[in-house]
Structures are given as structure tokens and as C-alpha cells.
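# Breakdown of the fold
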Amino acid sequence: MRAVIEVEALRKSYGKVRALEGVDLTVPEGTVLGLLGPNGAGKTTIVRILTTLLEPDSGRATVAGLDVVDDARALRGVIGLAGQFAAVDETLTGRENLVLVGRLYHLDRAESRRRAEEVLARFDLLDAADRRVAGYSGGMRRRLDLGASLVGRPRVLFLDEPTSGLDPRSRIGLWELIGQLVKDGTTLLLTTQYLEEADRLADSIAVIDNGRVIAQGTAGELKARVGGERLDVMVAPASDVMAGAAALAPMAGGDLHVDPAEGRISLALPGGPPTVAEAVRRLDAAGVAIADLSVHRPTLDDVFLALTGRVSEDVG
Ligand SMILES: Nc1ncnc2c1ncn2[C@@H]1O[C@H](COP(=O)(O)OP(=O)(O)O)[C@@H](O)[C@H]1O
Ligand SMILES: [Mg+2]
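### Topic: the layout of surface pockets
- Quantified by volume, the largest pocket comes out at close to 880 Å³.
- I79, G80, L81, L104 and Y105 are the residues nearest the centre of the largest pocket, which is lined by 28 residues in total.
- Each residue belonging to the lining of the largest pocket can be placed in one class, and the counts come to 13 nonpolar, 10 polar and five charged.
- Each pocket or cavity is described by its volume, and for the second largest pocket that value is around 230 Å³.

Next up, the structure:
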């Protein structure tokens, strides 16, 4: 597959702060790259360079074959960007904002209106279209901002922390919308602090820390590096914890710990959450009663711990 985004040895400092210390990335056409990292990792700096808002100190980057420095003007015409903070105008209505963006892309009035209408419908904003953005909820602003980034029908889309600060319901709604865009073939680079978000949306994830890519792979590959999901079982006081451990051992891939005093069994779940039912059946068949049971998914903290040997400071 052809690479639509290519980044080589990118460096950028802000005064004494070294934000990027040599970043390499490749994003094949029609795929989604998730840049995953804590606050201050350098994610926004990468996005700002790739969208021509900031020049690198050294290194090279191209988007759709266009150089971010030499071809900056042409490049702006093929990309869309929704930044970390919504860039819509509060004093205008949702519709006015979208039409304005169309005009900035040099579309004529009729075409701008047509596309605004399309975006409003797609992002469930028709009812709110003629209200001022000042009265919109956080979720509505993000939807409008995302919509605005699509008015120019970009080939390549950049979303910088598209769901940070949203409540879980709005977050899931936005994931569905982004998922649809990707199905339409848009190449997407998105940054996030949430492993779950990268997991859900990205084909490939680059973990960024202190201005460097410290790991890259699919969500499954990264999870495997941190040990994947685990199941914790507390057996009921009257039950035989060793019998429970014996029943679960075949599905743990050799990774099972028993704490007989506590009545606790902890095991790897190589098949993920769907295999929880199998664990319950096995315990039931062995006559072991369950007092409590929980699945732990790896978090960004776990990934960081596994990759760097330290806990990331700013993940909230
Ligand atoms: N305009 C700026 N001036 C000085 N330092 C900055 C500026 N923007 C970002 N930084 C610093 O650069 C590093 C990377 O920041 P950023 O790219 O915003 O990270 P992220 O988006 O992953 O949170 C951080 O240490 C941040 O404090
Ligand atoms: Mg940022």
C-alpha cells in the first residue's frame, strides 16, 4: 500500500524544551494511525507540523506526497484538521460556522451551503443548526468541529484528542462517526491518551513518550506486550481454591497465580473477555463457587509501565 503520511527523523524544540527527538512514522493510504501518549509526549507538535502550522527544526515529512514545508500551501488543500480545542466560532450558529469553512476552502456559496447541510445531517446537528454555538454542549461542539474538518472533503484527516473531556456517551457517539469516516476510505491520524480509543479506531498504534516513538503495532500486539487481559477470581470461602485453579489452568496459557490464603486466582486471559464465560463454566463444573470475578484490561498506564518501566505522570 502507498504511504500517505511519511515522517523521517523529525525534530522540534521550543526554546530549551525538546518536544520531538527524532520521530519516524508511516501511514498507508486508507488506514488509521493512532498516536498514543500522555500529556506532553509530543503528539500535538507532530500534528501541528504535519498540518503546516509549525515548521520542524530538522527531518522531513510529507502528506499525500507534498512536503510540509516546501509544499505547505498545496498541502493545506488536501487535509482536514480538528484540533485539541474546538476551533468553531461561538458567536455564529452551527450552520454559519460550516458555511464559513466552505468559503475558506474557496467553495462557492451554494456548494458551501450544500456541504454544510450534509455535515449537519451526518453529525446529528440539524435541530441545533440555527442556534449559536455558545449554547452547544461539549459533545455537540466536538461534532461540529469534526464536521468542519470534513467540509473540504479531505483525503487525509488529522484529529488531535477528538474525545478528550467528553462524557462516555458522547465519546462512544463520536467513535461511531469516526469509524464511518474511516470506512469511506479517509486516511486518518488521530492522537489520544486512551488506549481504548486507539484500540477501537486505529489500525496501527504508535506509542509516543518524551518526543520519541517507543513502540508501534496493532492494539493486540501492544496488549500482548503488557500481558493482555487478566481475570481475577475470588472463590467462595467454602470452596476449594486449588480445585478452581486446576480447572482454570488449561485456559491460562501457563500464566496463573493462586493465593490459597486469600482464595484468589489470577490468570491471563489470552482469548480476551469472551472467554470469561468459559472460566465460569469450568469453575461450575469443578463445583467451585465464585465470590467475585473481574477482568482487567491493560490501560495506557500498563503499557507505559511495560515499555518504560515507569508510571506515566499525566494520564488522567
Ligand atoms: N508553544 C510551546 N512553547 C513551549 N513548550 C511547548 C509549546 N508547545 C508544547 N510545548 C512542550 O513540548 C512538549 C510536547 O508538547 P505537545 O506536543 O503539546 O504534547 P502532547 O500533545 O502530547 O501533550 C511538552 O513538553 C510541552 O510542554
Ligand atoms: Mg496535545
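### A word on the site of ligand 1
- Neighbouring ligand 1 are Y14, V17, A19, P38, N39, G40, A41, G42, K43, T44 and T45.
- A41 is positioned with one of its backbone polar atoms (N or O) 3.2 Å from an oxygen atom of ligand 1.
- In this structure, T45 approaches ligand 1 through a side-chain N or O atom, which is 2.5 Å from an oxygen atom.
- Burial of ligand 1 by the protein chains amounts to 61% of its free accessible area of 560 Å².
- Going through the elements one at a time, strand 2 (17–28) and helix 1 (43–50) are the ones with two or more residues in the shell around ligand 1.
- If you tally residues by element for the shell around ligand 1, the top one is helix 1, at three residues.
- Each residue belonging to the shell around ligand 1 can be placed in one class, and the counts come to five nonpolar, five polar and one charged.

### Section: the pattern of salt bridges
- Within the structure shown, the criterion is met by 16 salt bridges.
- The partner of K12 in a salt bridge is D57, and the shortest N-O contact between them spans 3.6 Å. A residue pair is termed long-range when its members are at least 10 positions apart, and K12 in strand 1 (residues 3–14) and D57 in the loop between helix 1 and strand 4 (58–63) qualify at 45 residues.
- Given a relative accessible area of 47%, D57 falls into the partly exposed group.
- Between E21 and R18 there is a salt bridge; the shortest N-O distance is 3.0 Å.
- When salt bridges that share partners are traced, they join E111, R114, R115, E118 and R153 into one network.

### Considerations on helix 10 (residues 276–285)
- Taken as a whole, helix 10 has its buried residues at V276, A279 and L283. Seen from one end, helix 10 has its buried residues packed into an arc of 55°, which puts them on one side. Along helix 10, the residues that are exposed and aim more than 90 degrees away from the buried face are R281, D284 and A285.
- Those residues of helix 10 that are buried lie in contact with strand 11 (230–235), helix 9 (241–248) and strand 14 (290–296).
- Downstream of helix 10 by a residue or two, G287 has a phi angle that is positive, lying close to 70°.

The rules behind each value
- Residues numbered from 1 in each chain as written.
- Chains lettered and ligands numbered in written order.
- Predicted model: local features only at pLDDT ≥ 70, side-chain atom pairs only at ≥ 80, totals over all residues.
- Heavy atoms only, no water.
- 1 Å grid on protein atoms, 1.4 Å probe; cavity = no way out; pocket = protein on both sides within 12 Å on 5 of 7 lines; lining within 4 Å.
- Points joined across faces, edges and corners; volume = space filled by probe spheres on them.
- Nonpolar A, V, L, I, M, F, W, Y, C, P; charged D, E, K, R; others polar.
- Near = heavy atom within 4 Å.
- Polar contact = N/O pair within 3.5 Å; in protein donor to acceptor, adjacent residues only side chain to side chain.
- Areas by Shrake-Rupley, 256 points an atom, 1.4 Å probe, with all protein chains shown as cover.
- Helix = DSSP H or I, 4+ residues; strand = E, 2+ residues; numbered from the N terminus.
- Salt bridge = Lys/Arg side-chain N within 4 Å of Asp/Glu carboxyl O.
- Buried < 20%, exposed > 50% of the residue type's maximum accessible area, 1.4 Å probe, protein only.
- Arc of directions from axis to C-beta.
- Contact = heavy atoms within 4.5 Å.

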